[in-house]
Amino acid sequence: MSAVLTTTAPDTVEAGPRGAGVRAVFALAGIEARRMLTSLPVVLVFLGYVTWIVWRGDSDWSAYPALQDADRATQSMPMFFGLAIMMSANFAALRSRRHGTEAHFAVLVMPAWQRTAAHALSVVPAAVLTAVCVAGQFAREAVKPGAVGHGSPAELAVGPLTVLLFGTIGVLLAPVLRSVLAAPLAVVLLLFVSVLGTGPSGTDGTSWLSPVVAAISSDTLPSELLGRPAAWHALYLTGAALCAAFLAVLLAGGRNPAVRAGVALSLALAVTGGVLQARGVTPSPELTAARERASVRPEQTCVERGGSTYCAFDEWVPRVSAWAGVVERVRSLAGDAARERGIVVRQRIDARYGLEGDAAIPALTEPGQVTVGTAWGGNRVPEFSSAVAAVLVAGTEAEGSELCDGRMVTVMWLSLAWQDDPMDALRRVRLDDSVRGSAIVLSPTDPLTMTEGQTDVVRRLLEEPPTGVGQRVKEHWDELTAPGVTTARAAEVLGVKGPDKADSCEE
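Residues numbered from 1 in each chain as written. Predicted model: local features only at pLDDT ≥ 70, side-chain atom pairs only at ≥ 80, totals over all residues. Heavy atoms only, no water.

Labelled according to an unreviewed UniProt entry, the chain appears under the name ABC transporter permease, originating from Streptomyces plicatus.

J.: Tell me about the overall build of the chain, and please be specific about residues and values.
T.: Scanning the chain from N- to C-terminus turns up 23 helices and 6 strands. Sorting the 507 residues of the chain into buried and exposed places 49% on the buried side. The long-range fraction of contacts in the chain, counting pairs at least 24 apart against all pairs at least 6 apart in sequence, stands at 75%. When the accessible area of the chain is evaluated, it comes to approximately 23700 Å², of which 61% is carbon and sulfur surface. (Helix = DSSP H or I, 4+ residues; strand = E, 2+ residues; numbered from the N terminus. Buried < 20%, exposed > 50% of the residue type's maximum accessible area, 1.4 Å probe, protein only. Contact = heavy atoms within 4.5 Å. Areas by Shrake-Rupley, 256 points an atom, 1.4 Å probe, with all protein chains shown as cover.)

J.: I'd like a rundown of the packing of aromatic side chains, residues and numbers included.
T.: Enumeration according to the criterion identifies 3 aromatic pairs in this entry. Their ring planes at 65° and their centres at 6.4 Å tell us that Phe313 and Trp316 sit as a pair that is edge-to-face. Here Phe313 and Trp316 have matching classes, each one buried. Centroid distance Trp376 to Phe384: 5.6 Å. Interplanar angle 70°. Geometry classified as edge-to-face. (Phe/Tyr/Trp six-rings, centres within 6.5 Å; stacked < 30°, edge-to-face > 60°.)

J.: I'd like a description of the sheet that holds strand E4 (residues 369–372), backed by residues and values.
T.: Here we have 4 strands laid out as an open sheet, ordered E1-E2-E3-E4, and mixed in their pairing. Taken across any chain shown, the strands that pair with only one partner, and hence form the sheet edges, are strand E1 (301–305) and E4. If you compare each strand with its neighbour and ignore which way they point, the axes differ by 20° on average. Sheet topology note: the strand E3 (residues 344–347)/E4 ladder contains 4 bridges and is parallel. Opposite Val345, over in E4, you have Val370 as the bridge partner. Here helix H14 (residues 320–333) sits on the sheet in contact with E1, strand E2 (308–312), E3 and E4, set at roughly 145° to E2. (Pairing = 2+ DSSP bridges. Axes fitted to C-alpha atoms, helices over the stretch in contact; angles between N-to-C directions.)

J.: Tell me what's going on with the UniProt feature "transmembrane region" (unreviewed entry) in the chain, and back it up with residues and numbers.
T.: Taken from the UniProt record, the annotation "transmembrane region" (unreviewed entry) applies to residues 36–55, 75–95, 116–137, 157–174, 181–199, 230–251 and 258–276. The span residues 116–137 is 91% helical and 0% strand by assignment, and the distance between its end C-alpha atoms comes to 33 Å. (UniProt positions renumbered as here; feature names shortened; annotations may be inferred.)

J.: Report on a nonpolar patch on the surface, specifying residues and quantitative values.
T.: Together, Val22, Phe26, Leu121, Val124, Val128 and Val132 line one region of the surface with nonpolar side chains, adding up to about 510 Å² of accessible area. Looking at the nonpolar patch, the elements with two or more residues in it are helix H1 (20–37) and helix H7 (124–142). Among the elements that line the nonpolar patch, the one with the most residues is H7, at 3 residues. Positionally, Val124 belongs in helix H7. (Patch = residues over 30% accessible without salt bridge, like charges linked within 9 Å, V, L, I, M, F, W, Y side chains within 5 Å. Salt bridge = Lys/Arg side-chain N within 4 Å of Asp/Glu carboxyl O.)

J.: Give me the lowdown on helix H20 (residues 452–463), citing residues and values where you can.
T.: The terminal C-alpha atoms of H20, which comprises 12 residues, lie 17 Å apart, in line with the 16 Å expected from a rise of 1.5 Å per residue. With 10 of its 12 residues buried, H20 lies for the most part within the structure. Lining the buried residues of H20 we find helix H18 (407–416), helix H19 (422–429), strand E6 (448–450), helix H21 (466–475) and helix H23 (487–494). (Expected span 1.5 Å × (residues − 1).)

J.: Got a sec to walk through the pattern of salt bridges? Specific residues and values, please.
T.: Tallying each qualifying case throughout the model produces 13 salt bridges. In this structure, Asp405 engages Arg407 in a salt bridge whose closest nitrogen and oxygen atoms are separated by 3.1 Å. Side by side, Asp405 and Arg407 carry an identical accessibility label, which is buried. Residue Asp424 is joined to Arg427 by a salt bridge in which the shortest nitrogen-to-oxygen separation is 2.3 Å. Residue Asp424 and its partner Arg427 are both found in helix H19; the two are separated by 3 residues, about one turn of the helix. Owing to a relative accessible area of 31%, Arg427 belongs among the partly exposed residues under this scheme.

J.: Describe the state of the cysteines, listing the residues and the values that go with them.
T.: Tallied over the full model, the rule gives 1 disulfide. Linked covalently through their sulfurs, Cys302 and Cys311 form a disulfide whose S-S length is 2.1 Å. What sets the handedness of the Cys302 and Cys311 disulfide is the S-S torsion sign, and at about 105° it is right-handed. Relative accessible area serves as the criterion here: at 2%, Cys311 is assigned to the buried category. (Disulfide = S-S within 2.5 Å.)

J.: Got a sec to walk through unusual backbone geometry? Specific residues and values, please.
T.: Even without being glycine, Asp433 reaches a positive phi, approximately 55°. Tracing the sequence through the fold places Asp433 in the loop between H19 and strand E5 (439–441). Residue classification places Asp433 among the partly exposed positions, given a relative accessible area of 44%.

J.: Quick rundown of the nonpolar core? Include the residues and the values.
T.: Trp323, Phe384, Val411, Met412, Trp413 and Leu414 are the most contacted members of the largest nonpolar core, which totals 69 residues. If you tally residues by element for this core, the top one is helix H16 (residues 380–394), at 10 residues. Setting aside residues up to four positions removed in sequence, Met412 forms contacts with Ser386, Leu426, Val429, Val441, Met450 and Val458. With 45 residues, the next largest nonpolar core counts Met77, Ala89, Val163 and Ala248 among its residues. (Core = buried A, V, L, I, M, F, W, Y, C linked by side-chain atoms within 4.5 Å.)

J.: Any details on the packing of helix H2 (residues 40–56) against helix H4 (residues 78–93)? Residues and values, ideally.
T.: Their axes nearest at 9 Å, the elements H2 and H4 cross at an angle of 170°. The angle between the axes of H2 and H4 places the two elements in the roughly antiparallel class. The residues of H4 that touch H2, namely those facing Val42, Val45, Phe46 and Tyr49, are Pro78, Phe80, Phe81, Ala84, Ile85 and Ser88. Partitioned by chemical class, the residues of the contact of H2 with H4 number 9 nonpolar, 1 polar and no charged. (Parallel < 35°, antiparallel > 145°, perpendicular 65-115°, else oblique. Nonpolar A, V, L, I, M, F, W, Y, C, P; charged D, E, K, R; others polar.)

J.: With reference to specific residues and values, describe the environment of Ile361.
T.: Structurally, the position occupied by Ile361 is in the loop between E3 and E4. Residues Ile361 and Thr371, 10 residues apart in the sequence, show an inter-C-alpha distance of 9.0 Å. Those residues in contact with Ile361 that sit more than four places away from it in its chain are Arg348, Ile349, Asp350, Pro444, Thr445 and Asp446.

This is the structure we're talking about:
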């Protein structure tokens, strides 16, 4: 006769030594983090993120960054990485349900809420990896010789915190909706609202509920005039991410006092940050007054270089050398009267409307004064060069913007002849990117106008050796800068074929 032994599974499993549960949570979090970061979708998105960082820093525009803009430029792309992390974290949290193995976990020492805590912790390495990328992207801008301004640690924290928030939301969706479709639908919704739709502008408090409020401005403002509640926004994102994580643990069965306290405290952090960032959107009276002063009567540092004076906001004083290089090159091509006359370069902005403002800056009427903006590099160089040349020829910025005769030929030749690729500079300084026909010539203030005939003559001059043309410009300076000189006469004096059409501002 044989005996049959039967065993009955215990209703409960004895817990291990004190602290074993915590070690198990961290061990599982490490495993899940490794699986997440090596999954194909996350790897592909991360490689795209890194490629974007490398590609973005190689343009002419990026050689002269303002760090108070560079910190905000690190915020948008981590959103895509965060969306990939959200989906991956959600799928990981639902893995046992998808595979039908949830019942088997009931016999383990680690209960469901601890496994959920491990999934929430598994998104932390992704946030740390994002922080490394953000630091690298910002450091690359900061070490460039043309960098000016100051970055904000709170602005730099937005990218990593966004990844952390999206990852914990992915974990939270698992016990709430229990469907593999929840995360993809959430990704589509977030893409539609934040990327494909109209993004948050930052002009009202509700827009700051979005993870990223980049508020890219056409003009860079001094750091102290930005008026962004970046610190409160970082606090809001931190509280929201922690609240999502603690809520996920709570819904998974973790109803101990520590989890409940975590939910309450993190929610308080999120609400405090949200309320204070909403209040911080409205400029204070002190900030409004400071923006008014910077726009109307700025307090600037003035530096003498080569007989000219350069007045700039303190953060932009290191850029005086770049401006002076342009001024000296333009002056070296002018006649003796202009070459020996110093000019005053003034940095001007309109900060009264904050980062959302896009007001035009009127031309200066004082003789020998030229406006320069806060942006530099790319098209800003030929635009500033044209403004300098116009002042040397016409006397003032206001008169330069009204030139309608052959003097415009002299202005544009002075502006372009010294540059590495004059024809390309001609194209970039014109509003329609053309080198033929009439066009608007951009400048830091009021634009200039080129007729079709003037464009023909300037193009022919740029095709000639600059030395010979430069000698004729200096010999006939008085005639070439005299009011009323025709384009045909300027071409004749400079030794090139005249315009095909009559000189007229209406062309």
